[in-house]
Amino acid sequence: MDNSQDYLMLAFRVLGSLALLMFGMKTMSDALQKMAGPQLRHVLGAMTTNRFTGMLTGVGVTAAVQSSTATTVMTVSFVSAGLLTLAQAISVIMGANIGTTLTAWIMSAGFSFNITNFVYPVFLIGIALIYNKKRRVLGDFLFGIAFMFLGLGTLRQTGIDMNLGENQTLLNFFSSFSPDSFFTTLLFLLIGGLLTMCVQSSAAVMAITMILCSSGVLPIYQGIALVMGENIGTTVTSNIVALSAGTQARRAAFAHMFFNLFGVAWILIVFKPFINFVCSLVGYDVTMTTENVGKDVFLANAAKLSFVLAAFHTCFNLVNTFILIWFIPQIEKLVCRVIKQKPDEVEEDSRLHYIQGGLMKTPEISVLQAQKEITLFGERMQRMFGMVMKLLVEKNDEEFEKAFQRIEKYENISDNMEIEIARYLEQVSDAHLSDETKEKIRRMMRQISELESIGDAGYNLARAINRRKTSGKDFTEAQYGRLNEMM
């Protein structure tokens with residue numbers, strides 16, 4: 001009974017530590033994105049067609065916000081909003097894959113020594129800053145870091161307490177898989193992908209892999225196969241997000257998946273030589289076993305495995321980017337061929353083109369989506385105004401009726417757009433925002449109200465012109481003069 005209770009407590013500690021780690025990373029990432037929101041806009045706004053600039057931007061943004069998923073989803077959003085071309089987005093995504101390797105290095109550092117004693121002062125500073133209005137976001141950031149390292153430290157200690165290296169059942173299970181078998185590599189690759197898809201956090205799966213490897217239970221080849229699976233699993237997030245988005249956004253998400261699938265394909269060809277090369281960089285001996293060197297020396301060697309995993313992740317993404325960055329135009333053609341333009345993507349629908357539910361969770365960046373949608377709203381109202389002018393001079397009954405029906409449709413579109421954009425901006429304004437962004441949202445609320453009023457005015461004019469036609473009476477010269485003045 002005691003053993004079962006011990007195992008249950010250890011299981012809860014592992015799951016709780018992973019929850020702390022994921023919560024800490026999310027809090028830290030959100031805080032960084034809030035702090036860097038306006039700067040990110042300027043960086044992405046100044047993006048050129050240079051593939052290397054795009055790649056370096058992806059590296060920088062991901063290293064700054066500590067989330068490749070955030071960068072990729074942000075990039076997919078910018079493509080959807082027409083702020084980036086597909087080629088630019090592909091280069092940013094390549095950079096994001098390099099930038100995210102910093103997370104693995106942070107985690108490997110957390111596993112190499114007990115960091116939990118240092119987190120409590122950070123919690124103290126964080127809570128003090130949270131109650132300071134001007135420094136609140138910095139407080140959130142420090143809280144996120146503290147939670148992340150507390151989760152890593154607890155996870156590391158739990159791994160030690162579990163004595164995984166002495167658990168014969170676990171050792172027998174992993175040793176039953178032949179490290180030389182291609183099937184074993186594929187199986188662990190699949191497991192890594194499925195786990196990442198389930199928990200929606202490659203960091204959590206990476207943490208589990210580091211515990212298993214550094215305790216000497218999981219051989220390095222299987223551990224790296226899990227990491228490769230994580231690279232594929234993490235692309236599912238951006239692809240799921242892009243399903244409800246426009247064609248360009250789905251293409252950017254697919255390009256992200258292609259990048260990682262291609263990388264895994266060539267790694268499988270040079271699997272062992274590449275891993276042995278990475279191990280030699282870190283100073284890990286792949287030939288060492290408990291039998292030929294003793295337990296203490298073996299575990300000291302195994303402790304380097306968290307750094308091996310981080311080094312592999314970095315080398316893999318660097319080499320993969322170096323190979324593919326020269327073929328961005330070809331990748332763009334491929335994804336355009338695979339994901340074709342939807343036939344129903346026409347301009348006369350009431351669907352929002354740039355604001356997608358759940359597409360961008362960072363309020364500072366969401367404002368860009370709304371701005372683009374308001375621009376489209378303005379273009380539609382201008383188009384509607386042109387229809388009213390055409391209606392005024394149209395003599396053909398059939399063409400007149402068609403034009404009037406289109407104006408009616410546009411009036412419904414304007415009502416719908418005002419409601420949807422306002423609802424979206426209200427959701428965004430619920431979050432913690434900078435004063436600049438709050439003012440921007442107030443202006444945008446006023447803009448959509450005015451645009452909707454223009455739509456109403458256009459429809460009222462069309463109804464007046466329609467009544468003129470059905471009644472058989474004409475406007476007076478003075479009324480025509482005022483209409484022309486309005487036009």
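Residues numbered from 1 in each chain as written. Predicted model: local features only at pLDDT ≥ 70, side-chain atom pairs only at ≥ 80, totals over all residues. Heavy atoms only, no water.

Student: Describe the overall build of the chain, listing the residues and the values that go with them.
Tutor: For the chain, the count of helices and strands is 22 helices and zero strands. The long-range fraction of contacts in the chain, counting pairs at least 24 apart against all pairs at least 6 apart in sequence, stands at 80%. Accessible surface computed for the chain: about 23200 Å², of which carbon and sulfur atoms make up 62%. (Helix = DSSP H or I, 4+ residues; strand = E, 2+ residues; numbered from the N terminus. Contact = heavy atoms within 4.5 Å. Areas by Shrake-Rupley, 256 points an atom, 1.4 Å probe, with all protein chains shown as cover.)

Student: If you had to explain the nonpolar core to someone new, which residues and values would you point to?
Tutor: A general feature of soluble globular proteins is that nonpolar side chains tend to end up buried together. Counting 60 residues, the largest nonpolar core has Ile220, Met228 and Phe312 as its most contacted members. Top element by residues in this core is helix 7 (residues 136–161). It accounts for 11 residues. Contact partners of isoleucine 220, with chain neighbours within four places excluded, come to Ile275, Cys279, Tyr284, Val286, Leu305, Val308 and Leu309. Ranked by size, the runner-up nonpolar core spans 34 residues in total, among them Ile355, Ile421, Leu425 and Leu461. (Core = buried A, V, L, I, M, F, W, Y, C linked by side-chain atoms within 4.5 Å. Buried < 20%, exposed > 50% of the residue type's maximum accessible area, 1.4 Å probe, protein only.)

Student: Describe the environment of arginine 463, and please don't skip the residues or the numbers.
Tutor: Note that arginine 463 resides in helix 21 (residues 435–471). Judged by its relative accessible area of 37%, arginine 463 is partly exposed.

Student: Account for the packing of aromatic side chains, with residues named and values stated.
Tutor: Taken as a whole and assessed by the stated rule, the structure comprises 13 aromatic pairs. Ring geometry for phenylalanine 143 versus phenylalanine 147: centroids 5.8 Å apart, planes at 65°, classification edge-to-face. In this pair, phenylalanine 143 and phenylalanine 147 are both assigned in helix 7, four residues apart and thus about one turn of the helix distant. A residue is classified by how much of its surface remains accessible, and phenylalanine 143, at 18% relative accessible area, is buried. Relative to phenylalanine 271, the ring of tyrosine 221 lies with its centre 6.3 Å away and its plane at 50°, an arrangement referred to as tilted. Here phenylalanine 271 lies in helix 14 (residues 271–282) and tyrosine 221 lies in helix 11 (residues 220–233), a separation of 50 residues in the sequence. By the burial criterion, tyrosine 221 is buried, and phenylalanine 271 matches it. Pairwise contacts between aromatic rings join Phe23, Phe123, Phe143 and Phe147 into one cluster. Cation over ring: lysine 272 sits above tyrosine 221, and NZ or CZ is 4.5 Å from the ring centre. Here the guanidinium or amino end of lysine 469 rests over the ring plane of phenylalanine 400, the centre of that ring lying 5.1 Å away. (Phe/Tyr/Trp six-rings, centres within 6.5 Å; stacked < 30°, edge-to-face > 60°. Lys NZ or Arg CZ within 6 Å of the ring centre and 35° of its normal.)

Student: Summarise the packing of helix 10 (residues 202–214) against helix 11; cite the residues concerned and give the values.
Tutor: In contact at an axis separation of 10 Å, helix 10 and helix 11 are set at 180° when each is read in the N-to-C sense. Considering their axes alone, helix 10 and helix 11 lie roughly antiparallel with respect to each other. Packed against helix 10, whose contacting residues are Ser202, Val205, Met206, Thr209 and Cys213, the element helix 11 presents Gly223, Leu226, Val227 and Glu230 at the interface. (Axes fitted to C-alpha atoms, helices over the stretch in contact; angles between N-to-C directions. Parallel < 35°, antiparallel > 145°, perpendicular 65-115°, else oblique.)

Student: Quick rundown of helix 17 (residues 305–324)? Include the residues and the values.
Tutor: Spanning 20 residues, helix 17 covers 28 Å between terminal C-alpha atoms, matching the ideal 28 Å at 1.5 Å per step. Here helix 17 lies mainly inside the structure; 15 of its 20 residues are buried. (Expected span 1.5 Å × (residues − 1).)

Student: Outline the pattern of salt bridges, listing residues and values.
Tutor: Going through the model one piece at a time under the given rule, you end up with four salt bridges. The partner of glutamate 439 in a salt bridge is arginine 442, and the shortest N-O contact between them spans 3.0 Å. Residue glutamate 439 and its partner arginine 442 are both found in helix 21; the two are separated by three residues, about one turn of the helix. A residue is classified by how much of its surface remains accessible, and glutamate 439, at 31% relative accessible area, is partly exposed. By relative accessible area, which is 48% here, arginine 442 ends up partly exposed. Across the pair arginine 443 and glutamate 439 runs a salt bridge whose closest N-O atoms are separated by 3.9 Å. With arginine 443 and glutamate 439 both in helix 21 and four residues apart, the pair spans about one turn of that helix. A single network of salt bridges, built from pairs that share partners, joins Glu439, Arg442 and Arg443. (Salt bridge = Lys/Arg side-chain N within 4 Å of Asp/Glu carboxyl O.)

Student: Go over the environment of isoleucine 191, please, and point to the residues and values.
Tutor: Inspection of the secondary structure assignment puts isoleucine 191 in helix 9 (residues 182–199). Relative accessible area serves as the criterion here: at 33%, isoleucine 191 is assigned to the partly exposed category.

Student: Any chance you could break down helix 14 for me, citing the residues and the numbers?
Tutor: Over its 12 residues, helix 14 runs 17 Å from end to end, which matches the ideal 16 Å to within 8%, given 1.5 Å per residue. All of the buried residues in helix 14 are Phe271, Phe274, Ile275, Val278 and Cys279. The buried residues of helix 14 all sit within an arc of 135° when viewed along its axis, so they share a single face. Taken from the residues just after helix 14, glycine 283 is the one with a positive phi, measuring 90°. (Arc of directions from axis to C-beta.)

Student: Account for the environment of alanine 31, with residues named and values stated.
Tutor: Looking at the element boundaries, alanine 31 is found in helix 1 (residues 2–45). The sequence separation of alanine 31 and aspartate 140 amounts to 109 residues, and the corresponding C-alpha distance is 5.9 Å. If we skip the residues at most four places from it in the chain, alanine 31 touches Val137, Asp140 and Phe141.

Student: Outline the confidence of the model for the chain, supporting the account with residue identities and numerical values.
Tutor: Confidence in the prediction for the chain averages 77 pLDDT; 77% of positions are at 70 or higher. Mean pLDDT in the chain bottoms out at helix 15 (residues 290–293), which sits at 64, and peaks at helix 18 (residues 328–338), which reaches 88. Scored below 50 in pLDDT, residues 344–348 shows 11 contacts in the model against residues more than four places distant or in partner chains. (pLDDT = per-residue confidence, 0-100.)

Student: Summarise a nonpolar patch on the surface; cite the residues concerned and give the values.
Tutor: There is a patch of nonpolar side chains on the surface, built from Leu8, Met9, Phe12 and Leu15 and spanning about 440 Å² of accessible area. With respect to the element layout, methionine 9 can be found in helix 1. (Patch = residues over 30% accessible without salt bridge, like charges linked within 9 Å, V, L, I, M, F, W, Y side chains within 5 Å.)

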